[in-house]
Every structure is written in C-alpha cells, then in structure tokens.
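Below are the chains, spelled out letter by letter.
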Amino acid sequence: MAIVLGLGFTACNNEKTSAGSFRYSIDEFADIEVLRYQIPEWDRLSFNQKSYIYHLCEAAKSGRDITWDQYYKHNLSIRYVLEDILENYRGERTGAQWDAFLVYAKRVFFSNGIHHHYSDDKILPGCTREYFASLMEAVSCSDDSLLEVIFNPDIAPTKRYQGSEKDIVEASAVNFYEGVTAAEVNAFYDGKAVPGDPHPVSYGLNSKVVKVDGKVTEQVYCENGLYGPAISRIIYHLDAAKEFAENDDQKKYIDELIEYYRTGDLGQWDKFNVSWVQENKGDVDFVNGFIEDYDDPLGRKATWEGIVNYRDNVASSRTTVISANAQWFEDNSPVDPRFRKPVVKGVTAKVINVAVICGGNYPATAIGINLPNADWIRRDYGSKSVTIANITSAYDLAAKESPRSTLAEFAWDEEEIALSKKYGNITDDLHTDLHECLGHGSGQLLPTTPANALGEYTSTLEEARADIFGLYYMADPKLVELGIMPDADAYKAEFARLTKEKERLIKEVERTE
C-alpha cells in the first residue's frame, strides 16, 4: 500500500499531541493510505530560519504544475476538470457513481496525473463515462476529446514503457519527448558527449526533445523557455529567501541556482551543486530543480521536485558517526578494488525534518535522499545524505494506529515480534542511513565508463546497489563497535522486516489480481 502524506506543525513543547490527539492515518482508498506528518521542534527555530523556510517552501510549491505536465501532456487539463467538479458541482454527492468518481480523483491527485505512481499503468475511472460527462456538463467544462483521453484504455496506457516489443519513447506517456524515437534521442545526445571529459554535464536533464521541420532539437526548461512562468515564480521566491539565508555560502548557491533557472545552462547547474554540496554549516537546507531521472524510459530527463528541511540535531549524531567512518566502510566493501574510492571525499550525513515536499517526490515520498547525482561531483566534492525523521516517524506511528498489523500477520513467531518491537525502528532508520550515506556515496566508475552506460536501467540498479550495500553492513560488528547498533542481534529485526514486506507485497498483488 502506498502512502500519501500531509503535514501538521508541532512545537517543541507539544510532544503530547503526537502521541495523543494527533491522528496520522486519515484516509484510505484503492491501494493508498493517507497519512499526515508533523513538523517537530518548530518553536526552536529563529524568526530568520522560519522566514527562510517559508520562502523556500513557496519556491518549492511553485513548481508543482511542472511535474504534472512532465508526467503526461493532458494531466493538467484533467486536474483542472477534477478540481472544478469537486469545488463547484451542486448535484447529489452520494451513491456508488459519485463515490467511484471521488476515488478516481483522489488517485489522480496522489499520482500527480492519470498513471499509477508505481506500476505506471493508466488509472481508469470506476464510474461510467456518461456519469463523468454529466459532472463535466454540470460545471460547464464539457470536453469530448478530454473525456476520450480519460476513458479510452488504449490512449497513453503506460507512463513509462519498459517492455521490448515497442519503442520505449514512443510507447511512454511521459511528456519528455514528442515525435521522436529512442534511437533518435540517443543519437542526438551521443553527438553532444565529449569522450574523456572529466566533468561531463548531464546532457538532456532539463529539456524536452521534439522534432521541428524534421530536425531533432531541445526545448530547455528555463525562465524564457519551457515552463517559464512557473520557473519565474520559483526564481522570485528563491530571491526572497536569500535575505534570510543562514550564511554567505547559502546566499552564493541560491544566486547560482537562480542563474541556472534563468539560462538553463547545465554547466551552471553543476556549479550550483558543487557549492551546495560543500555547505554544511546551516541547519536549513533545500532541494529545488530537475533532479531524478527515474520517470524517463531512457534515464536522461529529470522530473522537477522541491524539498525544504531543517536539521534534527539530536538524531544527526548517528549519521555523523557513519560519515566520519565512511573510508572504513569503503575499504572493506566486498567489491572489486577497482570500484572502491581510494579516498572518500565530502561524505556528509544528517537526519532532517521536512517542512514541505513537492513535485516528483510527493505525495509518495522518499525516506532518505543522497545528492547530487553527477558522478564526478560525488567523486571530487562528495555528497549530502539525509534520513527524513518526521516521515519515518509518521510511518511508524501510523502503523501503531492501524487495527491491521503487518508484524502480527507476517511474523514467523512471538520471538520475531518481540525482536521487531524492540529494535525495528532503530534498525529501519539505520538501514536508511547506510543506504543513503554509504550506499549511494560509495564506489566509483571506471575512468572509461560514462555515467549513463546502463541507460534506462541506471536508476533501478543504483537503488538496488545502495540497499544491498546497507544490508551487507547491518550485521557487521563494526556498527556495534561504533555504538550505532544496540547489540549483535539487533540487525535481525531489519532482515525480518524486509522479509515481511516482501510477503505483504506478494499478498497485495494476489488481492488485486
């Protein structure tokens, strides 16, 4: 079951709310559970920090429509219709047809469009086409062509096609390409690559590829290009945030990010990332841009996302220990020595609380982040790894609210249940720390290997690699020695959790089939 998250504020002196009247799980439909999360220790932040966070949040929210449009060219038109009906329909709002429409609307809002957030399959309404048309007519937004897009299962059936029978670009609904094939796109970018470049830019990261008069070309995402109005709003709020930045380094990289948004220059994007990854003095941090390429069938185009967060100083002591010992973990990694970093640089890790999450990372959000993605920046300047405390806390506390317990349903025996209750939260967070800080931060490519050598498989394999790296070290006595694993048996709780999660997912698939 996927989780959608909303937020609520909690002052540092109001912890009673989180354990008492505050409800984390507030809705459930289809395969989705809706959770709220809290913003802990808000009152400990200074006025300037709160103002900084506010403007950064406004910048993050300004990019929402970009993600919707990237996922499918008709998504925004469909969302506007759904919003119009929900706000203005004055007819009967009960009965099976209305309930089915409401579930469809919720699923579309959750997925940032009409394709399922995990499977990428098209979401079809449970109500009839005639009923849906009557709702549109009642709010004066009838559109037969849009209705056909919504109900015809053969129109845009898959957001990101991963099969082998069709062209993966032509068969994907994502709005990164138009009128081109996978071969044409790859040839276009192969022609831009500079062999042996020690600092290659991420060609294609922030653009749409189209064919104009028979010629393949790019439409760049920038202030005077594609998504210009939304990007202008982002720039406005980033500039306003700069006044409240915690230090000059933050002001510097905000200026660099603004310049990137104005020009679309990927060299400027790398310049920003180099500055951003080296600033670790401030408590407040953010992500804003075209970041991850998971949604592109070719693994080139990045989806827009925005995240604003602040450091959890107490919980960060654990990740500080991990990052301080990154070289030991690298040296003892069970891989060919050629793929180990001889010197680990700039690996920093912390635990954070998010104030807002937008775009491609919301509402189905990550519980950890490791950035930047450019391999050469990670090699020469390091990376930032974070575990998101208030999100993982929301998951844990919502599970305790639920009358259905995955632990009780899938645990092997009482001993496993006791082990999970004792250590489960600790080992789950630690696995995330190891995944983000050491997994993604470890290893190096061979000098002759381009960053996109694995094409559309790059992101999937990288996530698997980071997770396995973390699991490999979960049982290592080094973690007990460092004082971040309670004892030599605690790691078993995480292995048991992953086994139960696999069983739950299998059962979920069986239910849907």
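What counts, and where the lines are drawn
- Residues numbered from 1 in each chain as written.
- Predicted model: local features only at pLDDT ≥ 70, side-chain atom pairs only at ≥ 80, totals over all residues.
- Heavy atoms only, no water.
- Helix = DSSP H or I, 4+ residues; strand = E, 2+ residues; numbered from the N terminus.
- Polar contact = N/O pair within 3.5 Å; in protein donor to acceptor, adjacent residues only side chain to side chain.
- Contact = heavy atoms within 4.5 Å.
- Pairing = 2+ DSSP bridges.
- Axes fitted to C-alpha atoms, helices over the stretch in contact; angles between N-to-C directions.
- Buried < 20%, exposed > 50% of the residue type's maximum accessible area, 1.4 Å probe, protein only.
- Salt bridge = Lys/Arg side-chain N within 4 Å of Asp/Glu carboxyl O.
- Expected span 1.5 Å × (residues − 1).
- Parallel < 35°, antiparallel > 145°, perpendicular 65-115°, else oblique.
- Left-handed = near helix turned anticlockwise from the far one by under 90°.
- Nonpolar A, V, L, I, M, F, W, Y, C, P; charged D, E, K, R; others polar.
- Core = buried A, V, L, I, M, F, W, Y, C linked by side-chain atoms within 4.5 Å.

**Q** I tried to follow the side chain of Glu256 on my own but got confused; where do I start?
**A** Mapped onto the secondary structure, Glu256 falls in helix H10 (residues 248–263). Within polar-contact distance, the side chain of Glu256 engages the side chain of Ser275 at 2.8 Å. Beyond its immediate sequence surroundings of up to four residues, Glu256 is in contact with Gln268, Lys271, Phe272 and Ser275.

**Q** It is not clear to me how the sheet that holds strand E10 (residues 368–371) should be interpreted in this structure. Could you clarify?
**A** Where strands meet in a sheet, backbone hydrogen bonds hold them as pairs that are either parallel or antiparallel. If you walk across this open sheet you meet the five strands as E7-E8-E9-E11-E10, and the pairing is mixed. Looking at strand neighbours, the two that pair on one side only are strand E7 (284–292) and E10, the edges of this open sheet. Each strand axis lies, on average, 35° off the axis of its neighbour in the sheet, ignoring direction. Sheet topology places strand E9 (residues 347–359) next to strand E11 (residues 383–388); six bridges connect them, and they run parallel. The residue bridging Val351 from the neighbouring strand is Thr387, located in E11.

**Q** Whenever I open this one, the sheet that holds strand E4 (residues 177–178) confuses me. Can you help?
**A** Across the sheet, three strands lie side by side as E4-E5-E6; this open sheet has mixed pairing. Edge positions in the sheet fall to E4 and strand E6 (215–220), since each has one partner strand and no second. Two elements, strand E5 (residues 207–212) and E6, share six bridges in a ladder whose sense is antiparallel. In the strand pairing of E6, Val209 is matched with Glu218.

**Q** Mind showing me how you'd approach helix H3 (residues 64–71) here?
**A** Most of H3 is tucked away, with six of its eight residues classed as buried. Of the positions making up H3, those classed as buried are Ile66, Thr67, Trp68, Asp69, Gln70 and Tyr71. Of the surrounding elements, those touching the buried residues of H3 are helix H4 (75–88), helix H5 (96–111), helix H9 (228–242), E7, strand E8 (303–311) and E9.

**Q** How should the side chain of Asn247 be read in this particular structure?
**A** Here Asn247 lies in the loop between H9 and H10. Reaching out from Asn247, the side chain makes a polar contact with the backbone nitrogen of Gln250 at a distance of 2.8 Å. Among the polar contacts listed, one links the side chain of Asn247 to the side chain of Glu279, at a separation of 3.1 Å.

**Q** For this particular structure, what's the right way to read the pattern of salt bridges?
**A** Where charged atoms of side chains with opposite charge meet at close range, the side chains can pair. For the structure on display, the rule yields 28 salt bridges. Across the salt bridge formed by Glu148 and Arg129, the nearest N and O atoms sit 2.8 Å from each other. A residue pair is termed long-range when its members are at least 10 positions apart, and Glu148 in helix H7 (residues 144–151) and Arg129 in helix H6 (residues 129–138) qualify at 19 residues. Judged by its relative accessible area of 28%, Glu148 falls in the partly exposed class. Through salt bridges with shared partners, one network takes in Asp120, Lys159, Arg160 and Asp295.

**Q** Is there a simple way to think about H5 in this case?
**A** Along an α-helix, a turn takes 3.6 residues, which lines up residues three or four apart on a common side. When the terminal C-alpha atoms of H5 are compared, their 23 Å separation across 16 residues agrees well with the 22 Å that a helix rising 1.5 Å per residue should span. Of the positions making up H5, those classed as buried are Trp98, Ala100, Phe101, Tyr104, Ala105, Val108, Phe110 and Ser111.

**Q** I tried to follow the packing of H10 against helix H11 (residues 266–278) on my own but got confused; where do I start?
**A** At a minimum axis separation of 8 Å, H10 and H11 run at an interaxial angle of 165°. On the basis of the axis angle, H10 is roughly antiparallel to H11. The handedness of the crossing between H10 and H11 comes out as left-handed. On H11, the residues touching Lys252, Tyr253, Glu256, Leu257, Glu259 and Tyr260 of H10 are Leu266, Gln268, Trp269, Lys271, Phe272, Ser275 and Trp276. For the contact of H10 with H11, the residue count by class is seven nonpolar, two polar and four charged.

**Q** Is there a simple way to explain the nonpolar core in this structure?
**A** Note that soluble globular proteins tend to have their nonpolar side chains buried in a common cluster. Ranked by internal contacts, the top residues of the largest apolar core, which has 74 residues, are Tyr52, Ile53, Leu238, Tyr261, Phe286 and Phe290. In contact with Tyr261, not counting residues within four places along its chain, are Cys222, Glu223, Ile231, Ile234, Ile235, Leu238, Asn288, Gly289, Phe290 and Trp304. If you look at the next biggest cluster of nonpolar residues, it comprises 30 residues, including Ile85, Tyr104, Leu135 and Phe151.

What is shown is where atoms sit, not what they do.
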